[in-house]
Amino acid sequence: MSDVTSVTLTLGTIAAVLSIPCWIIFFSGAWRMVQTIRLGQPDGTRLFPILPRFKQLMVEFAAHTRMNKFRTVGWAHWLVMVGFLLGSAAWLEAYGEAFNPHFHWPFIGDWGPWSFLMEVLGIGIVVGIIALIIIRQRNHPRRPDRMSRFAGSSFWQAYFVEAVVLVEGLGVIFVRASKYAVYGGSNVEYFFTRWVAELLPAEPLLVSIFAVIKLFSGLIWLLIVGRYITMGVAWHRFSAFFNIYFKREDDGGVALGAAKPMMSNGQVLELEEADPETDSFGAGKAEDFSWKALLDFTTCTECGRCQSQCPAWNTGKPLSPKLLILALRDHTYAKAPYLLAGGRKDMAGEEIGLVDSDGNPDEAKLAKIPEDARIEAGRPLVGESTGDPATDGIIDPEVLWSCTTCGACVEQCPVDIEHVDHIIDMRRYQVLIESSFPSELAGLFKNLEVKGNPWGQNAGDRLKWAEDLSFEVPVYEGDFGDTEYLFWVGCAGAYEDRAKRTTRAVAELLHIAGVNFMVLGTGETCTGDSARRAGNELLFQTLAQQNIETFNDVFEGRAEKQRKIVVTCPHCYNAIGNEYPQLGGDYEVVHHTQLLNRLVRDKRLIPVAEPADNTTYHDPCYLGRHNKIYEAPRELVAASGATLNEMPRHGERSLCCGAGGARMWMEEHLGKRVNVERTDEALATEAKKIATGCPFCRVMLSDGVTARQESGQGEGVEVVDVAMMLLDSVKRGLPDTVTVGSKRSPAKVAVAAATAAPKTTASMVPAEAPAAPASEEPAKAAPAAKKAPAKGGLQMKGAKKAPGKAAPAKAAAPEASEAETPAKAPAKGGLQMKAKKAPGKAAPAKAAPAKAAPADAAEEASQATPAKAPAKGGLQMKAVKKPGAKAPAKAAPAKESSAEPASAAPEPEAISSEAPADDTADSGASAPPKPIRTGGLQMKAKKAPGKAAPAKASLAEPAADEPVPAEPAPEEASTTEEKASEPAPSTPPAAKPRGLAMRPGAKKPGSKQ
Ligand code: SF4
Ligand code: SF4
């Protein structure tokens, strides 16, 4: 049957002709998008393995697992997505229906099941899009008293897409209804549209008119979308499939846990071989990101799920992960014409891409590039607002450094955008190349580099936590024997008073359960987690290499599965378990909550559960989201007899405590403090105990509770580690004075360790005894000096003492141990950066006192230490060469360092274990610290690569390298006498409306969602 008329022919012809430019614009837009994405750095890790990746793509497509975390949205979006894919068949059918009302696809068009499917599809599209329209309106930022995940999203684009989808869905329904009215059909296939048909005349032309309307809405969509290729709300219909397939983890996991290694030109950057002239050190410009990152930016749907979970955004900071991604996307696409034309700038901002034969900028070629693109190319990726669009930074430093790397954004993003990796990459560039970072981090970096811990405490104090235990803690002395676990105490566990109580509780529980364990004692060095999250990859790798070397020494000869390490800090867990494998260190790492839970299940620990106070549990980000450990700590809370009152945000949607991403060491000036926000949630559960499994979380929440208690809230509430709760309940079942359940009595422990190491009395931590006896037996430490020099890392061994070795110099003169770390010359591996010497490092001077060994010499080394540092902050980039820098410049610092008396060095930043408390005085009163711009390579402002290097003043300047240890508060006072960290200002300082342009009134800082 044919109802083709001159009118339908005309309609069809008009639609066909008009569709030609629409399709051309659409495909040209898609091509520009592909070209732009290809501007990114290569990354060959994203394609294989094909089958697991494809399987994950199909799972996400079919089950919408991430989207379903927001209940209503999940099914509604699924209907719209399927409607778009299958509905495209109905839409293309409209070309034929415009000419001939009775047209349908050959073979399947009049097939019953297909017809039924189209019926369901039309209804599904309309129902789904109406639900999404309602959700968007309910979350509209027009109501400033509630947070909106759509704040900052483009609304005209969203409305346009919603309108097109609605018209498409209605088009399917009305075309079918008008066809039914004319031609009839099965009541089953037309179970809904036959009722609509009752309202329509039996007019064939009406079919063509509805088909053309449907067709035109699609053509307008092609036109607009092709014109605006940054319209993620529309383009994600295509790009999301690729983005999910190419996600970082091929097992379907999200891009959390380990940070992405620092890549350049598609390869993991070997810092010892890296050249700042040709390599990317993180991301300092749009084209430093990988193509996958540019695909990430392209794919963002502006849904704001990430924003709704972000602790920074939720407490009034200027950071929104969504707005950050959008800013990077808009900048990249605005700059793309310049890059595609061949434009490139060096680190000094001078044109090196479009140049004439003399190397001068080729003005003729540059003039052909749109002015907007040229302006965009001159803007720094990270920089403060200057008021001049030509020099404004794309990302404000306040935005970049507000991130706690909690991973909530990554966990929620339905299209697998990898925010945290991008943020860390930008921090890497700021730290390694620009030497621009919050001033507080300078102290952190120095303490880590010189002392091996963030607090700047002496290595010799690492075992103080064990001094008041009723049993002796075995310390590794060169023979691990048949010991099952290496108990990695961590810096917080060794130095921070609250965390020390957790360390003791875990040690006691392991002892009671008869677990055969050892600690490294003074052989531990910070894992480098904070350094890596702060962008200091160089320092992270140095610390990591040192620890890997130590671990390999401990576990020598053991199979990988037998290299067991138990940790109490999730950050250590993540670094050792997930990141050290990137550097060749593979171990079986277990968090103490996992091990203790296993011991309870095995009945090696028998808690006596009495009715206890209600308890709420705070999921540490690096235990939960980053490593998916949610149940073990909760089971321990239950085993201790407590009733668990969950906070509204828990599990994978838990709110960060505010300490991650090196935020622990930074001031918090804007909005409400994150730890207080989390504390408020915990107090609202009316629990008497707030349990957690992370020393940093415990510090932050304790400070939050203290702050609230000062204003009369949360009286009697205590913040504890789950290990302490378990210990209390286990002790209930033990006879007084007897450590029942231990398979090795304290005496056995001592004997075992004595057998393992000849200098047991020096290395064991005597129960409730000072360390002084160690100094009385210097001869016993001698074997340590016989160890062969190690190859990598910081050469902890070699001529210096091995980790954990009780060198006589150390006991006699505690400062000697401090001298050892800086005295170590960079060895093979690690960073070493082409074996050049570190700027400002006086290597020869360091070696001498280390070999001298006696306490006096060590003392000397300690004194000399401060003078050796590179002058101004930054990374000191040990051997990274400055482009074009001349070798002689390096000699200067050596002279300076030996000549410069330590006392002349300025005091470095102190990192306090009570950092939040320090904020009390500052918060709201002091201006946010400006990022310091000292030291490092400082290439950008100095010179263009290849040009004559100016004398590097910073290399010759003396600098403070001696950390100022922050005195931890007395242990007894740790929970009761801590000072409030939260001033609870009635009006928190507003986040600066710049950088990401957070809309004023979009949300009330600190208000809950
Ligand atoms: S990692 Fe956490 S703090 Fe950082 S942007 Fe994502 S949600 Fe916000
Ligand atoms: S980054 Fe992901 S979660 Fe955030 S707005 Fe974009 S698509 Fe949504």
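Numbering of residues starts from 1 in every chain and runs along the sequence as written. To read the labels, note that chains go from A and ligands from 1, taken in the order they are written. Local features in this predicted model are restricted to residues whose pLDDT is 70 or higher, and side-chain atom pairs enter the listing and the counts only when it is 80 or higher, whereas totals over whole chains, interfaces and linings include all residues. As a rule here, side-chain values cover all heavy atoms of the structure and leave hydrogens and water aside.

A. Region of the structure containing the overall build of the protein. A run of DSSP states H or I qualifies as a helix once it reaches four residues; a run of E qualifies as a strand once it reaches two. Both are numbered from the N-terminal end. Of the regular secondary structure elements, the protein holds 39 helices and 11 strands. Here the term buried applies to any residue with accessible area under 20% of the maximum for its type, exposed to any over 50%, and partly exposed to those in between, with areas from a 1.4 Å probe on protein chains only. Counting the 1009 residues in the protein, one finds 60% classified as buried. Only heavy atoms matter for contacts: two residues are in contact if any of them lie within 4.5 Å across the pair. In the protein, of all internal contacts separated by at least 6 residues, the share reaching a separation of at least 24 is 80%. Note on areas: these come from Shrake-Rupley sampling with a 1.4 Å probe, and a residue is covered only by the protein chains present in the view. Per element, the accessible surface of the protein, about 37300 Å² overall, is 59% carbon and sulfur.

B. Quick peek at helix 5 (residues 155-183). Its 29 residues place the ends of helix 5 41 Å apart at the C-alpha level, agreeing with the 42 Å of an ideal helix rising 1.5 Å per residue. Under the rule applied, a polar contact is a pair of N or O atoms within 3.5 Å (in protein, one hydrogen donor and one hydrogen acceptor; residues adjacent in sequence only if both atoms are side-chain atoms). The backbone nitrogen of Gln157 lies 3.4 Å from a side-chain oxygen of the residue at the head of helix 5, namely Ser154. Just beyond helix 5, the residue with positive phi is Gly184, at close to 75°. Expected span, for any helix, means 1.5 Å times one less than how many residues it has.

C. Spatial organisation of the nonpolar core. Note on terminology: a nonpolar core comprises buried Ala, Val, Leu, Ile, Met, Phe, Trp, Tyr and Cys residues joined through side-chain atoms within 4.5 Å. Among the nonpolar cores identified, the biggest contains 135 residues, and Ile395, Met426, Trp465, Leu510, Phe551, Ile576 and Leu605 are the most heavily contacted of them. With 9 residues, the top contributor of residues to this core is helix 12 (residues 321-340). The start and end points of each domain follow an automatic or database-based domain assignment. Here this core spans two domains, since at least three of its residues come from each of domain 2 (249-277 + 293-436) and domain 3 (441-732). Not counting the four nearest positions on each side in its chain, Leu510 is found in contact with Phe487, Val515, Phe517, Val566, Leu595, Leu596 and Leu599. Counting residues in each nonpolar core, the second largest holds 61 residues, with Ala94, Ala131, Ile135 and Val207 among its members.

D. Structural context of the packing of aromatic side chains. Any two of the Phe, Tyr and Trp rings considered here, Trp counted by its six-membered ring, make a pair once their centres fall within 6.5 Å; the pair's planes then place it as stacked at under 30 degrees, edge-to-face at over 60, or tilted in between. With the rule as written, the count across this model stands at 35 aromatic pairs. Through a chain of ring-to-ring contacts, three or more aromatic side chains come together here, namely Trp23, Phe26, Phe27, Phe84, Trp91, Tyr95, Trp221, Trp235 and Phe238. By definition, being over a ring means that NZ of Lys or CZ of Arg is both within 6 Å of the ring centre and within 35 degrees of the ring normal. Between Arg176 and the ring centre of Tyr190, over which it is positioned, the NZ or CZ distance is 4.2 Å. Directly above the ring of Tyr228 sits Arg227, whose terminal nitrogen or CZ lies 5.2 Å from the centroid.

E. Geometry of the pattern of salt bridges. Salt bridge, as used here, is a side-chain nitrogen of Lys or Arg placed within 4 Å of a carboxyl oxygen of Asp or Glu. This structure, assessed with the given rule, holds 45 salt bridges. The closest approach of N and O atoms between Lys500 and Asp497, which form a salt bridge, is 3.2 Å. Here Asp497 and Lys500 lie together in helix 20 (residues 497-513), a separation of 3 residues that amounts to about one turn. Residue classification places Asp497 among the buried residues on the basis of a relative accessible area of 6%. A cluster of three or more residues bridged by salt bridges with shared partners is formed by Lys260, Asp425, Arg428, Asp529, Arg532, Arg533, Glu537 and Glu579.

F. Main features of the UniProt feature "transmembrane region" (unreviewed entry) in the protein. UniProt positions are given in the numbering used here, feature names are shortened, and annotations may be inferred rather than shown by experiment. UniProt records the feature "transmembrane region" (unreviewed entry) at residues 6-31, 75-94, 114-135 and 156-177, using the numbering of this structure. Here residues 6-31 runs as 100% helix and 0% strand, with 38 Å between its end C-alpha atoms. Here residues 156-177 is 100% helix and 0% strand, with 31 Å between the C-alpha atoms at its ends.

G. Inspection of the sheet that holds strand 8 (residues 615-617) at higher detail. Only strands that DSSP links by at least two bridges are regarded as paired with each other. Strand order in the open sheet formed by 3 strands is 8-9-10, and the pairing between neighbours is parallel. Edge positions in the sheet fall to strand 8 and strand 10 (718-721), since each of these pairs with one other strand and no more. Strand-to-strand twist in this sheet, taken as the mean axis angle between neighbours without regard to direction, amounts to 30°. With 3 bridges connecting them, strand 8 and strand 9 (residues 689-692) associate as parallel partners. Pairing of Thr616 across the sheet is with Ile690, part of strand 9. Running over the sheet, helix 27 (residues 695-710) touches strand 9 and strand 10 and is turned about 170° from strand 10. For helices, the fitted line uses only the C-alpha atoms of the stretch in contact; every axis is such a line through C-alpha atoms, and the angle between N-to-C directions lies from 0 to 180 degrees.

H. The arrangement of the side chain of Asp680 in detail. Topologically, Asp680 is positioned in helix 26 (residues 674-684). Using a relative accessible area of 14% as the deciding quantity, one classes Asp680 as buried. A distance of 2.8 Å separates a polar atom in the side chain of Asp680 from a polar atom in the side chain of Lys672. Beyond its immediate stretch of four places on either side in the chain, Asp680 contacts Lys672 and Arg708.

I. Up close: the packing of helix 3 (residues 71-99) against helix 4 (residues 112-138). Put simply, helix 3 and helix 4 touch, their axes get as near as 7 Å, and they point 135° apart. With respect to helix 4, the axis of helix 3 lies oblique. With respect to the hand of their crossing, helix 3 and helix 4 are arranged in left-handed fashion. Grouping the amino acids of the contact of helix 3 with helix 4 by side-chain chemistry returns 19 nonpolar, 6 polar and no charged. When an angle is under 35 degrees it counts as roughly parallel; over 145 it counts as roughly antiparallel; between 65 and 115 it counts as roughly perpendicular; any other value is oblique. Here is the rule for handedness: rotate from the far helix to the near one, and if that takes an anticlockwise turn smaller than a right angle the crossing is left-handed, while a clockwise turn gives right-handed. Amino acids are sorted into nonpolar (Ala, Val, Leu, Ile, Met, Phe, Trp, Tyr, Cys and Pro), charged (Asp, Glu, Lys and Arg) and polar (every other residue, Gly among them).

J. Structural context of the packing of helix 1 (residues 6-37) against helix 3. Contact geometry for helix 1 and helix 3: axes closest at 6 Å, N-to-C directions at 145°. Here Thr8, Leu9, Leu11, Gly12, Thr13, Ala15, Ala16, Ser19 and Trp23 of helix 1 come into contact with helix 3, specifically with Trp91, Tyr95, Ala98 and Phe99. Taken together, the residues that form the contact of helix 1 with helix 3 break down as 9 nonpolar, 4 polar and no charged.

K. Looking closely at the sheet that holds strand 6 (residues 564-567). Taken in spatial order, the 4 strands of this open sheet run 5-4-6-7, and their pairing is parallel. Edge positions in the open sheet fall to strand 5 (517-519) and strand 7 (588-591), since each of these has one partner strand only. The mean inter-strand angle of the sheet, taken between neighbouring strand axes irrespective of direction, is 30°. The sheet contact formed by strand 4 (residues 485-488) and strand 6 spans 4 bridges and is parallel. When the sheet's bridge partners are listed, Trp488 is paired in strand 6 with Val567. On top of the sheet, helix 20 reaches strand 4, strand 5 and strand 6; it is set at about 165° to strand 4, its chief contact. Along the sheet, helix 23 (residues 570-579) contacts strand 4, strand 6 and strand 7; its crossing angle with strand 7, the most-contacted strand, is approximately 165°.

L. Just the site of ligand 1, in detail. In the neighbourhood of ligand 1, the contacting residues comprise Cys310, Pro311, Leu319, Pro321, Cys403, Thr404, Thr405, Cys406, Gly407, Ala408, Cys409 and Val420. Among the residues forming the shell around ligand 1, the class breakdown is 9 nonpolar, 3 polar and no charged. Any residue with at least one heavy atom within 4 Å of a molecule or strand is counted as near it.

M. The arrangement of the pairing of strand 10 in detail. Note: strand 9 against strand 10, 4 bridges, orientation parallel. By the bridge assignment for strand 10, Ile690 is matched with Val719. When the strands point away from the viewer and the connection leading from the first strand across the helix to the second strand turns clockwise, the crossover is called right-handed. Once the chain exits strand 9 it traverses helix 27 before rejoining the sheet at strand 10, and the crossover so formed is right-handed.

N. Highlighting helix 9 (residues 291-299). Counting buried positions along helix 9 yields 9 of 9 residues, so the element is predominantly enclosed. All of the buried residues along helix 9 are Trp291, Lys292, Ala293, Leu294, Leu295, Asp296, Phe297, Thr298 and Thr299. Those residues of helix 9 hidden inside the fold are in contact with helix 1, helix 8 (232-245), helix 12 and helix 17 (419-434).

O. Seen up close, the site of ligand 2. The full set close to ligand 2 counts 13 residues, and Cys300, Cys303, Gly304, Cys306 and Cys413 are the nearest of them. Class assignment of the residues belonging to the shell around ligand 2 gives a composition of 7 nonpolar, 3 polar and 3 charged.

P. Region of interest: the environment of Phe471. The residue Phe471 is located in the loop between helix 18 (440-451) and strand 4 in this model. Once the C-alpha coordinates of Phe471 and Ala507 are considered, the two residues, 36 residues apart in sequence, prove to be 9.6 Å apart.

Q. Main features of the side chain of Thr483. Structurally, the position occupied by Thr483 is in the loop between helix 18 and strand 4. Judged by its relative accessible area of 3%, Thr483 is buried. Not counting residues within four places of it along the chain, the set of residues in contact with Thr483 comprises Asn516, Phe517, Met518 and Arg558.

R. Structural view of the pairing of strand 4. Covered by surrounding structure in strand 4 are Tyr485 and Phe487 together with Leu486 and Trp488, the residues of both alternating faces. Note that strand 4 and strand 5 share 3 bridges and pair parallel. Directly across from Leu486, in strand 5, lies its bridge partner Met518.

S. Here's a closer look at a nonpolar patch on the surface. Taken together, the side chains of Leu47, Phe48, Ile50, Phe54 and Met58 make up a nonpolar region of the molecular surface, amounting to roughly 470 Å² of accessible area. With respect to the helices, strands and loops of the structure, Ile50 is situated in helix 2 (residues 50-63). Assessed through its relative accessible area of 44%, Ile50 is described here as partly exposed. Exposure above 30% relative accessible area and the absence of a salt bridge qualify a residue for a patch, where like charges join within 9 Å and nonpolar side chains (Val, Leu, Ile, Met, Phe, Trp, Tyr) within 5 Å.

T. Structural detail: unusual backbone geometry. A cis amide bond, omega -5°, links Phe48 with the succeeding residue Pro49. Looking at the secondary structure, you find Pro49 in the loop between helix 1 and helix 2. Phi is positive for Asn265, which is not a glycine, with a value near 50°. On the secondary structure map, Asn265 appears in the loop between strand 1 (263-264) and strand 2 (267-268). You can call Asn265 partly exposed: its relative accessible area is 42%. Of note in this structure, Glu686 is not a glycine but carries a positive phi near 60°. Here Glu686 lies in the loop between helix 26 and strand 9.

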